[in-house]
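Structural characterization, general
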Amino acid sequence: MQKIIKNGMVYDPLNNIDGEKMDICIEDGKIVESVANDAEVIDASGKIVMAGGVDPHTHIAGAKVNVGRMYRPEDSKRDVMARGGGMRAGSGFSVPSTFMTGYRYAQMGYTTAMEAAMPPLLARHTHEEFHDMPIIDHAAYPLFGNNWFVMKYLKEGDLDKTAAYAAWLLRATKGYAIKIVNPAGTEAWAWGGNVHGINDPVPYFDVTGADIIKGLAEVNEMLGLPHAIHLHCNDLGHPGNYETTIASFDVPKNIVPKPKYGDRDKILYATHVQFHCYGGTNWRDFVSAAPKVADYINKSDHLVVDIGQVTLDETTTMTADGPMEYDLHSLNGLKWANCDVEMETGSGVVPFIYAAKAPVPASQWGVGMELFLEIKDPTKICLTTDSPNAGPFTRYPRVMAWLMSNKYRMNLIENELHKWAQTKTTVATLDREYSLYEIAQVTRATSAKVLGLSDTKGHLGVGADADIAVYDINPETQDLSAEYMAVEKAFSNAAYVLKDGEIVVLDGTMVKPDLYGRTYWINTQFKPEVEQEVLVDVEKWFKQYYSVNFENYPVQEDYIPRSVPLLGDSVPEEISGKEPAAEGASK
Amino acid sequence: MSEIILKPKEQPQVPLEAENISPDAFAGKNIDEIKNIEIWHGNKQVTLSDFFDVEGEPSDDASDIKIIIDGDVSNTKRIGHGMTAGEIIIKGDTSMYVGSEMNGGKITVEGNAGPWAGRDMKGGELTIMGDAGDYVGSSYRGDWRGMSGGVLTVYGNAGNEIAEYMLGGKLIVKGDVRIMPGVHMNGGTLIIEGNVIARTGGEMKGGTIIVKGVIDEFLPGFEFLGVEKGIEVDGETFEGNFFKFKGDNATKGAGGIIYAATKGNAHIAP
């Protein structure tokens, strides 16, 4: 089936296309050079065309997301959709149910979204939730930063074993990237404490956050993974934490990127940096350190960051940073869920209200915006809200409108935000406005590239997946800075969204809600003989400490409806012993 | 004042969900339009006239409308949900959520009401002449922001966990209540004229609870502040002697007050 999107203004930073009027041709789910005359025509005159959005960091599936859904019925009530038009019923404002998550992403023109924290032990549950998430391609990042095996091998200085274990765990959990959350801190929390910088050792294992970041960064390149190490720094949300942030960024800087898949050129992906840019010593003398962190990023070429923009909503915070969630619960007094995942990681969940009139949330909003506006090169930025931590992903269109309109921001700063946004941050003095090209960069191009998926994602060149969003925005007739509400609305409800060449959204409404995305995962092995040694430890510790049997732990490939294994295609699937499911097999 | 009379035909086995029985929904509609107002019967949408005979004189102004439900609606939920003005009189029993999220106006239930009466109530007057169920004047499941305004009066008994997470307004129970009245309470006034089984004000941080009857078991997290004679709360005077407690110290920032009548409560004084 051939299609052609005619006359749209195309924004495609990976191919240096900036608002050019051109046609996009589609055949068999891919973008092609040309199509026949009888191809189905999609008229995009007076509209803009971008690749499908790629969200590199969101929390949409798995244990703690589900805890968020279960223990916040009052959040479910704030966004309820009835069954209809082939769509399932759903609910949830900050933590929508699985089906609704897929619909909501698609309506905004997003076609790829990555679950950024998967406890390895709970991988099966995470994949099960992916089963019920329509449209979006996805992957999940297993947590490595507080894992006993990782800490043991790093303590022994054995990078080979660390790499072999990491490769095995990615394969066993069908995971995609090395995720590090509060390295050493979540393990310290299991002992009733936390670490406060990258040089505090974790109890018993006696390795520091810096050791873990450096070790795993090296392992990442030994394995040649498509994505950079995905780091949530220590000391999240605490005044004075920016020094730890910059020191953490510095740890892996001299390592050379060697991806075996994709063309990533960065070594480090630092997430929700907004929460890591605070100066001062407490919330009274607090001041934004975003300009200092932005300055470091401007001068460095080894990292990409995502912002974690606060959206000023009532939301649900959830992170594998257990001690941080306890601090938050102590601060706001709201209900708190805490979880320890056997030898691997932990997590916490707390509701949070980012009230515009409250001093700290107003400043946090300012810090996020400062980062967006002060980091000069948008190829180093991904737009996120760390959904749902700083705000739900359904607010991305609002963040885009804030970036594109100084008027929108000043309106908010002058009329709605607490004055701390002006006195504690420099946001009111910044008048930069993002162009549509830069919006496409921070929502598609940068993320696809740093994920190592820019071969098929985040652009509209020939050979890319036909994941395309058409928005009812006309830069030739509209003043986008002045008409910010129209921009927000257009980005919330795409005129057309195509997934693998199929029209799934039309005028903001789902028209094909029963299409399911791919699961990307890493199928690699590092030195089989070392892996054999590692598995001796793993099996021993499973018998001793885990509540599941070793044989029940790995997620079989036939558990994944549209499996896309990357790297070493010759790795034996020793666990399931089954043929890999065919690409394109439907649910 | 315009009067609209709803005569229930028969209460179905599967409950009706009738948040549209409210002066706000009736305002500006003629009788035929009111008959066609949609309510839910389980998961099916039906019209008001499927389950009620409707007659009376409509009005454009909600505050001018008095709805009289002339009979038993013991399996109809959410009557008067979110109403802002006007009046509803229920001349029988009703089910869950009567007056939930009510903002203004007046509801009188002449019979008994189910659980969650006046849940998240913000204003207006809700009066239940008979008994009420659990969670009267409480918050929505999971929420920490319950009833914040208005006056809710139960002439009979009420169930467990009434005034849960209450923030403001006044809740009066003339009869007895079961366990945990005022649990997590943060503001407002809860007056219990009858007896309480146990755990009054568990984890409360603010607000005032007055118990005129007997509290069987009292929580240990309350600090005894002494005996007061004839207290005044919210401009209302209560005769007699009261033990005064502050708590619940089991939670952070405890600043709730409980007055318990000295009569019958000697066992809870220190």
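Just so you know, these numbers come straight off a predicted model, no measurement behind them.

**Re the overall build of chain B**
Per the secondary structure count, chain B includes three helices and 19 strands. A compact globule built from 270 residues should have a C-alpha radius of gyration of about 18 Å, and chain B, at 20 Å, falls within 12% of that. Dimensions of chain B, computed from the C-alpha atoms along their principal axes, are close to 65 × 35 × 30 Å. Split into buried and exposed, the 270 residues of chain B put 56% on the buried side. Sequence-distant contacts in chain B: of pairs separated by 6 or more residues, those separated by 24 or more amount to 38%. Treating the 25 positive side-chain charges of chain B as one cloud and the 40 negative ones as another, the clouds have centres 5 Å apart.

**Section: the overall build of chain A**
Broken down by element type, chain A carries 18 helices and 26 strands. A compact globule built from 587 residues would reach a C-alpha radius of gyration of about 25 Å, and chain A, at 23 Å, matches this within 12%. Taking the principal axes of the C-alpha coordinates as reference, chain A spans close to 65 × 60 × 45 Å. In chain A, 77% of the contacts between residues at least 6 apart in sequence involve partners at least 24 apart.

**Quick notes on the interface of chain A and chain B**
Each partner contributes to the interface: chain A provides ten residues, whereas chain B provides nine residues. Together chain A and chain B conceal approximately 760 Å² of surface at their shared face, both sides included; 59% is due to carbon and sulfur atoms. Area buried by chain A at its contact with chain B is led by Pro73(A), Glu74(A) and Lys77(A), which between them contribute 51% of it. Inspection of the region where chain A meets chain B yields two salt bridges.

**Overview of unusual backbone geometry**
A negative phi angle is the norm for most residues apart from glycine, just as the trans form is the norm for most peptide bonds. Between Ser387(A) and Pro388(A) the backbone carries a cis peptide bond, its omega angle lying at 0°. Each neighbour pair has its own omega, and for Gly247(B) with Asp248(B) the value is 0°, a cis peptide bond. Here Asp248(B) lies in the loop between strand S18 (236-247) and strand S19 (256-261). Even without being a glycine, Glu101(B) presents a positive backbone phi close to 55°. With respect to the secondary-structure elements, Glu101(B) resides in the loop between strand S8 (87-90) and strand S9 (106-109). What makes Glu101(B) buried here is its relative accessible area of 19%.

**As for the sheet that holds strand S4 (residues 44-47) of chain B**
Read from one edge of the open sheet, four strands run S4-S3-S2-S7 (chain B), paired in mixed fashion. Every other strand in the sheet has two partners, leaving S4 and strand S7 (76-77) of chain B as the edge strands with one partner each.

**Description of helix H11 (residues 322-332) of chain A**
Residue and element names in this part refer to chain A. Within the span of H11, buried status applies to Gly 322, Pro 323, Met 324, Glu 325 and Leu 328. On the buried face of H11, the contacting elements are helix H7 (185-190), strand S17 (314-319) and strand S19 (345-353). Count one or two residues on from H11 and you reach Gly 333, which has phi positive near 70°.

**Examining the sheet that holds S17(A)**
Residue and element names in this part refer to chain A. Taken in spatial order, the three strands make up an open sheet running S17-S19-S18, and their pairing is antiparallel. A strand with exactly one partner marks an edge of an open sheet, and here the two such strands are S17 and strand S18 (337-341). The average undirected angle you get between the axes of adjacent strands in this sheet is 15°. Two strands pair when backbone bridges link them, and S18 and S19 are joined in this way by five bridges, in the antiparallel orientation. Paired with Val 341 across the strands is Thr 345, a residue of S19. Against the sheet, helix H1 (residues 63-70) engages S17, S18 and S19, with an angle of about 145° to S17. Here H11 sits on the sheet in contact with S17 and S19, set at roughly 30° to S19.

**Let's talk about the packing of helix H14 (residues 406-415) of chain A against helix H17 (residues 484-492) of chain A**
Axes are the key here: two packed helices are described by the angle between their axes and the distance separating the axes. Residue and element names in this part refer to chain A. At their nearest, the axes of H14 and H17 sit 9 Å apart, and the two run at 105° to each other. Classed by the angle they form, the pair H14 and H17 counts as roughly perpendicular. Residues Lys 407, Tyr 408 and Asn 411 of H14 form the contact with H17, whose participating residues are Tyr 484, Met 485 and Glu 488. Classifying every residue of the contact of H14 with H17 gives three nonpolar, one polar and two charged.

**Some words on the confidence of the model for chain B**
With 100% of its residues at a pLDDT of 70 or more, chain B shows a mean pLDDT of 97. If you check the scores for this complex, the pTM reads 0.94 and the ipTM reads 0.89.

**A look at the packing of aromatic side chains**
All names here are of chain A. For the structure on display, the rule yields 39 aromatic pairs over all chains. Summarising the aromatic geometry, the rings of Tyr 110 and Tyr 396 are spaced 5.4 Å apart at their centres and angled 55° between planes, so their arrangement reads as tilted. Here Tyr 110, found in strand S9 (residues 110-118), pairs with Tyr 396, found in helix H13 (residues 396-404); they are 286 residues apart in sequence, far enough to count as distant. Overall, the relative accessible area of 1% leaves Tyr 110 in the buried class. A relative accessible area of 0% places Tyr 396 in the buried class. Arranged with centres 6.0 Å apart and planes meeting at 40°, the rings of Tyr 165 and Trp 168 form a pair that is tilted. Of this pair, Tyr 165 and Trp 168 both sit in helix H6 (residues 159-173), separated by three residues, roughly a single helical turn. Each member of the pair Tyr 165 and Trp 168 is classed as buried. By way of ring pairs, the aromatic residues Trp 148, Phe 149, Tyr 165, Trp 168, Tyr 204, Phe 205, Trp 541, Phe 542, Tyr 545, Tyr 546, Phe 550 and Tyr 553 are connected into one cluster.

Cut-offs applied
- Residues numbered from 1 in each chain as written.
- Chains lettered and ligands numbered in written order.
- Predicted model: local features only at pLDDT ≥ 70, side-chain atom pairs only at ≥ 80, totals over all residues.
- Heavy atoms only, no water.
- Helix = DSSP H or I, 4+ residues; strand = E, 2+ residues; numbered from the N terminus.
- Rg over C-alpha atoms; globule rule 2.2 N^0.38 Å.
- Buried < 20%, exposed > 50% of the residue type's maximum accessible area, 1.4 Å probe, protein only.
- Contact = heavy atoms within 4.5 Å.
- Lys, Arg positive; Asp, Glu negative; His and termini not counted.
- Charge placed at Lys NZ, Arg CZ, Asp CG, Glu CD.
- Buried area = accessible area lost by both parts, 1.4 Å probe.
- Salt bridge = Lys/Arg side-chain N within 4 Å of Asp/Glu carboxyl O.
- Pairing = 2+ DSSP bridges.
- Axes fitted to C-alpha atoms, helices over the stretch in contact; angles between N-to-C directions.
- Parallel < 35°, antiparallel > 145°, perpendicular 65-115°, else oblique.
- Nonpolar A, V, L, I, M, F, W, Y, C, P; charged D, E, K, R; others polar.
- pLDDT = per-residue confidence, 0-100.
- Phe/Tyr/Trp six-rings, centres within 6.5 Å; stacked < 30°, edge-to-face > 60°.

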